[in-house]
Amino acid sequence: MEKYLKKNFEFDPKNRSEEAIRRWRSAVGVVKNPRRRFRMVADLVKRQETEQKKLKIQEKVRIAITVQRAAFNFLSAGQQKISEEARQAGFGIDPNELASIVRSHNLKSLNDHGGVDGIARKVSVSLDDGVIEKELLRRQTIYGFNQYLEKPSRNFFMFVWEALHDLTLMILMICSVVSIGVGLGTEGWPEGMYDGMGILISIFLVVMVTAVSDYRQSLQFKDLDKEKKKIFVQVTRDGYRQKISIYDLAVGDIVHLSIGDQVPADGIFMSGYSLLVDESSLSGESEPVNIDHSRPFLLSGTKVQDGSGKMLVTAVGMRTEWGRLMETLSQGGEDETPLQVKLNGVATIIGKIGLGFAVLTFVVLVTRYLVGKALKHEFLKWSSTDALVLVDYFAIAVTIIVVAVPEGLPLAVTLSLAFAMKKLMNDKALVRNLAACETMGSASCICTDKTGTLTTNHMILDKIWISEETKVISGNSNSGDTLKSTISEEVLSILLQSIFQNTGSEVVKGKDGNNTILGTPTESALLEFGLLLGGDFDTQRSEAKIIKVEPFNSVRKKMSVLVALSSGGLRVFCKGASEIILGMCDKIIDSNGVPVKLSETQVASVKDIINGLANEALRTLCLAFKDMVESSDGHNIPSEGYTLVAVVGIKDPVRPGVKEAVQTCLAAGITVRMVTGDNINTAKAIARECGILTEDGLAIDGPDFRSKSPEEMRELIPKIQVMARSLPLDKHSLVTQLRSMFGEVVAVTGDGTNDAPALHEADIGLAMGIAGTEVAKENADVIIMDDNFTTIVNVARWGRAVYINIQKFVQFQLTVNVVALMLNFASACLTGSAPLTAVQLLWVNMIMDTLGALALATEPPNDDLMIRPPVGRGVNFITRTMWRNIVGQGIYQLIVLAVLEIYGKRLFKITGSNADTVLNTFIFNTFVFCQLFNEINSRDMEKINVFRGIFDSWVFIGVMVPTVVFQAVIVEFLGTFASTMPLSWHLWLYSILIGSVSMIVAVILKLIPVEASAKISEHHDGYDTIPSGPESA
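If you're wondering where the values come from, they're calculated on a predicted model, not measured in any experiment.

## Regarding the UniProt feature "transmembrane region" (unreviewed entry) in the protein
When the UniProt feature table is mapped onto this chain, "transmembrane region" (unreviewed entry) is found at residues 167-186, 192-212, 349-371, 391-420, 814-834, 886-903, 954-975 and 987-1008. Here residues 954-975 runs as 95% helix and 0% strand, with 31 Å between its end C-alpha atoms. Secondary structure over residues 987-1008 splits into 91% helix and 0% strand, and the C-alpha atoms at its two ends are 32 Å apart.

Shown next, in the form of structure tokens:
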């Protein structure tokens, strides 16, 4: 089976080929209800149509961007007539004309309208204060809402209709109608109705339970989809900077853009520095575009690759090309997951076997019946009674197919994933890619960032080295006054300039009148320190005019700004990674604020200061400046000749619970590696505190790692626990080598724009929800909404739970399949009748399919999941342990049921005219209780105590109790429809006792060793061997 599954039903969870997708679909056979089975599978035809539409839109945008045709501009230059609604609302430009200016990149039309200022006047907005909140609805009514058309969600009755498309159920409905017709003719009213009505009622129950389960899943996925689309942007409204949802955005809004942001609507550039935008998502062109006043058009859906800026929104929602593109992209459906595909393969194999057994059972039953008629010399005498018997045989054969084809296997994966993702969403993890939830359970390595993931990301400037002295900053005004008293005014002045002029953050006043710092935690820590020293943001910024900005990114590891001073002359300020900035300096300010030559001795001394701060787990930055002459060519920012001002040490404490989470990972066989852009000493100090770096572990610098040959990497990578001063390229290279060279299943965290390749390459990409850019989130499989490493471990725990829950369900369902098939077939061969009727088999199918999936596939994770090694690549899904349990339980149940079938009347003294019906009811009842107790057994496939945590799984209890109650109702009160007879209390007791013996059988089976020893050699990080196999039990 596993060879067949690997050949036809296995593909990469992320980079799947269309050939592999088509291969498994063509291999699928014996599908009862394609509409339901393939509901959570991508529609390849619609995807091809979508791709064609996307290419057309890209071509249209590309023409508008690259071909500035004079004729087109001339035709577009004339102003369109304003609609009456827009005029009455007080606007001076029609929504369609405004949208077309940006969409067609029509610079002439923009200038005809008076540029950005003219457009702002016509949409009635102040470029300083932005949109007035109370006018928002009027504005959105005229210019539209920032939403695109989506496929309407399906209601409950659509799921009922889908469930009714099951081919076997449709055949059974026909059989039941025939049965009613024949029954009324032979037995009259109402007796002739009972058999057929019983089947119809059973079908109704199956359809309703299936529809309710599927509908609840759809609601969970709908909630998840809403969460995925929550993107927030910074805007100026009512004169205040604030964060709003992109869906609340309106024409006229002033949007603030920075590195990694997705442009949320079409708009016009107002101001900014070095704004570089990636338009490939719309135009298909890979080359990024510089946005400035000569090329001011920004398109919705594009990504900010570098720089920062402000834009005026001119079109939203379906008036943008991105809105039209998103409408088409939403029609292709979700990608299937590896487990869904694999279980489609399992269902196909079992379905074919079941179909064969159903045909054989029908042939055997009909043959025996015909032989019986021939022996009685009644072969040529046929009546409606004979027809009813043959219809019953056919119904039993069809019902065997209903039971035998495990339609619920692939859908159980969807159910389990929906449940897990809902729980993870509540636990601050948003799963964007369904397959990631499965894959995370197999993760053997996590490459994690430091800042914000292992640490709190709440940064405070703790120490500063200035004027050749180290000062401790306590965070209150007294420490600021103390520092000011120990340095000269000249030194303080240049320090405040370095802080306030060279920053990507802002100090803004909120509606409450209090100052708020908007920006990254590192920038915020520096600005807080500047305010502590008595600096004023607006005053400092007014003393110089910014000419050019080079924003910080993970490649440069520094930020530079060129300003024109009000006193005359140009000055460059630079800050960033301490070693890089120090290497750019050849002077240092003395205690009087005068630049003096930086000697070799002083360089060594500063390096010692930097290392000392880093060893205290402080993040170190150097601040520097350089004066330039007015005639400097092109205003290029230099890379040398700077004057060192200060070295600062910023504290970022380790998050509570991180050390315990790291230990949990190591116990689970998951290696944790820290990959950070920080100084190696800072990284080592934090890694030791978190329990990541051990005595035998290796900490390496990114440049050193890059210089290694493939042979050296093969030797080094298993020992690497910390990589410092790394570039995004280093992270990508490490992930690639771990996957290709060592076959590891790698999860990697990322927050920046440049982390996108590593997030895409990894088996599981984890983006940070707070610190992460929209570009990083878009390339990730899971978004960690609280940026906490503990949440990552929780994702791994749920990933393992999904995998093992599906295994439990498969074990349970295959056991029921084997027993039901063999019981009916053997009974048909031996006695000429089937002990389980169509109605009874439909009830068994409901227990093992929808209800079984609900009970077993939604079990919450337990602590034992994290003390076993991860599931490796290419491991058999149906393990030897599962086969042992399936075969063992199957043999026990078949022996018991065979004994009851042959010797039941004598053993339990069943007599009377209805003895056969009582015996069949007893067999049915015993069979059901065997399955119910086996369902409890399946809660743990290896350990003896299957009751542990049973009351934590409210779904399991909520399924088991009603199942037992309804079984009693069927036996005692619905005999007319279900062909049962009420049982005496002692037969009930025997049914329960025989069923419960399966738990003793399970204990005996679990003592039989079948799996090869899965011991892991001593962990390469120096930790003890993970207990596995019998030891973990």
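## Considerations on the packing of helix 34 (residues 838-856) against helix 37 (residues 954-973)
Two numbers describe how helix 34 lies on helix 37: the axes approach to 8 Å, and their chain directions differ by 165°. In terms of orientation, helix 34 lies roughly antiparallel with respect to helix 37. When you trace helix 34 past helix 37, the crossing you get is right-handed. For the pair helix 34 and helix 37, the contacting residues are Trp843, Ile847, Leu851, Leu854, Ala855 and Leu856 in the first and Val955, Phe956, Val959, Thr963, Phe966, Gln967 and Ile970 in the second. Residues that form the contact of helix 34 with helix 37 fall into these classes: 11 nonpolar, two polar and no charged.

## Structural notes on the domain arrangement of the protein
Taken domain by domain, the protein comprises domain 1 (83-146 + 249-330), domain 2 (338-418 + 796-1007), domain 3 (429-455 + 655-787) and domain 4 (460-651). Each of domain 1 and domain 2 was reduced to a C-alpha centroid, and the two centroids are 61 Å apart.

## Examining empty space enclosed by the protein
According to the stated counting rule, one finds four cavities of 30 Å³ or more in the structure shown. Within this model, the largest cavity holds a volume of roughly 150 Å³. Forming the walls of the largest cavity are 14 residues, and the residues nearest its centre are Arg36, Asp166, Val206, Thr210 and Asn845. Secondary-structure elements contributing two or more residues to the lining of the largest cavity are helix 13 (194-228) and helix 34. Broken down by element, the residue count for the lining of the largest cavity peaks at four residues, all from helix 34. Estimates place the volume of the second largest cavity at around 70 Å³. As for the second largest cavity, its lining consists of Arg36, Ser213, Asp214, Gln217, Gly408, Leu411, Ala412, Leu415, Asp849, Thr850 and Ala853.

## Observations regarding the packing of helix 34 against helix 36 (residues 915-937)
With their axes 11 Å apart at the nearest point, helix 34 and helix 36 run at an angle of 10° to one another. Considering their axes alone, helix 34 and helix 36 lie roughly parallel with respect to each other. Across the interface between the two elements, Gln840, Trp843, Val844, Ile847, Leu851, Gly852, Ala855 and Leu856 of helix 34 pack against Phe924, Phe927, Val928, Leu932 and Glu935 of helix 36. Class assignment of the residues belonging to the contact of helix 34 with helix 36 gives a composition of 10 nonpolar, two polar and one charged.

## So, the side chain of aspartate 755
Of note, aspartate 755 is situated in the loop between strand 24 (746-750) and helix 31 (756-761). Side chain to side chain, aspartate 755 and lysine 731 meet in a polar contact 3.4 Å long. Here aspartate 755 is in contact with Asp449, Pro728, Lys731 and Gly750, once residues within four sequence places are set aside.

## Overview of the packing of aromatic side chains
Applying the stated criterion across every chain, the model contains 13 aromatic pairs. An aromatic cluster of at least three residues, connected via ring pairs, comprises Phe156, Phe157, Phe159 and Tyr215. Taking the ring centre of phenylalanine 159 as reference, the NZ or CZ of arginine 154 above it sits at 4.6 Å. We note arginine 939 situated over the ring of phenylalanine 956; from NZ or CZ to the ring centre the distance is 5.5 Å.

## With respect to the pairing of strand 23 (residues 720-724)
Burial runs high along strand 23: five of the five residues are buried. Here strand 21 (residues 671-675) pairs with strand 23 via two bridges, running parallel. By the bridge assignment for strand 23, valine 675 is matched with methionine 723. Sheet topology places strand 22 (residues 698-701) next to strand 23; four bridges connect them, and they run parallel. Across the sheet, the residue bridging to leucine 698 is isoleucine 720, located in strand 23.

## Quick word on the pattern of salt bridges
Within the structure shown, the criterion is met by 35 salt bridges. In this structure, arginine 154 engages glutamate 162 in a salt bridge whose closest nitrogen and oxygen atoms are separated by 3.2 Å. The exposure class assigned to arginine 154 is partly exposed, which follows from its relative accessible area of 29%. Assessed through its relative accessible area of 2%, glutamate 162 is described here as buried. Here the residues in one salt-bridge network are Glu133, Arg237 and Asp253, joined through shared partners.

## Details of a nonpolar patch on the surface
A surface patch of nonpolar side chains, about 870 Å² in accessible area, is lined by Leu830, Trp883, Val887, Ile891, Ile895, Val899, Ile902, Tyr903 and Leu907. In terms of residue count, helix 35 (residues 880-907) provides more of the nonpolar patch than any other element does, eight residues in total. Counting through the fold element by element, leucine 830 comes out in helix 33 (residues 789-831).

## Re helix 21 (residues 489-500)
Over its 12 residues, helix 21 extends 16 Å from the first C-alpha to the last, a length consistent with the 16 Å expected when each residue adds 1.5 Å. Counting buried positions along helix 21 yields nine of 12 residues, so the element is predominantly enclosed. Of the residues making up helix 21, those classed as buried are Val491, Leu492, Ile494, Leu495, Leu496, Gln497, Ser498, Ile499 and Phe500.

## Structural notes on the environment of alanine 99
With respect to the helices, strands and loops of the structure, alanine 99 is situated in helix 7 (residues 95-103). It is 17 Å that separates the C-alpha atoms of alanine 99 and arginine 87, two residues lying 12 residues apart in sequence. Other than its neighbours up to four places away in sequence, alanine 99 contacts Thr314, Ala315 and Arg319.

Criteria and thresholds
- Counting restarts for each chain: residues are numbered from 1 in the order of the written sequence.
- Local features are withheld for residues below a pLDDT of 70 in this predicted model, meaning they are given only at 70 or higher, and side-chain atom pairs are given and counted only at 80 or more; totals for whole chains, interfaces and linings count all residues.
- As a convention, hydrogens and water are excluded, and side-chain values are obtained from all of the structure's heavy atoms.
- UniProt positions are given in the numbering used here, feature names are shortened, and annotations may be inferred rather than shown by experiment.
- Runs of E in the DSSP output that reach at least two residues are strands. Runs of H or I that reach at least four are helices, and both are numbered from the N terminus.
- For every element, the axis is a line fit to its C-alpha atoms; helices are fit only across the contacting stretch, and the angle between N-to-C directions ranges from 0 to 180 degrees.
- Any angle that falls under 35 degrees is termed roughly parallel, while one over 145 is termed roughly antiparallel, one within 65 to 115 roughly perpendicular, and all others oblique.
- Each helix crossing is assigned a hand: it is left-handed if the near helix lies turned anticlockwise from the far helix by less than a right angle, otherwise right-handed if that turn is clockwise.
- Working rule for contacts: check all heavy atoms of both residues, and any pair within 4.5 Å makes them a contact.
- Classes in brief: Ala, Val, Leu, Ile, Met, Phe, Trp, Tyr, Cys and Pro nonpolar; Asp, Glu, Lys and Arg charged; the others, Gly included, polar.
- An automatic or database domain assignment provides the domain bounds reported here.
- For each structure, a 1 Å grid was placed over the protein atoms alone; sets of points admitting a 1.4 Å probe that cannot get out are labelled cavities, open sets with protein on both sides within 12 Å along at least five of seven lines are labelled pockets, and lining residues have an atom within 4 Å of a point.
- Grid points are joined across faces, edges and corners, and a volume is the space filled by probe spheres set on the points.
- Throughout this description, a polar contact denotes any pair of N or O atoms lying within 3.5 Å of each other; where both atoms belong to protein, one of them has to be capable of donating a hydrogen while the other can accept it, and for residues adjacent in sequence the pair is counted only when both atoms sit in side chains.
- The criterion for an aromatic pair is that two Phe, Tyr or Trp rings (for Trp, the six-membered ring) have centres within 6.5 Å, with stacked assigned to planes under 30 degrees apart, edge-to-face to planes over 60 apart and tilted to the rest.
- Definition used: whenever NZ (Lys) or CZ (Arg) falls within 6 Å of the ring centre and also within 35 degrees of the ring normal, the charge is taken to sit over that ring.
- Exposure categories follow from relative accessible area, calculated using a 1.4 Å probe and restricted to protein chains: below 20% of the type maximum is buried, above 50% is exposed, and the middle band is partly exposed.
- Strand pairing requires that DSSP identify at least two bridges connecting the strands.
- Each reported salt bridge corresponds to a side-chain nitrogen of Lys or Arg within 4 Å of a carboxyl oxygen of Asp or Glu.
- Patches here are clusters of residues that have more than 30% relative accessible area and form no salt bridge, with a 9 Å joining cutoff for like charges and a 5 Å cutoff for nonpolar side chains (Val, Leu, Ile, Met, Phe, Trp, Tyr).
- Accessible surface area values rest on a Shrake-Rupley calculation with a 1.4 Å probe, where residue burial reflects the displayed protein chains alone.
- Under the convention used throughout, the expected extent of a helix is 1.5 Å for every residue step, that is, one less than its residue count.

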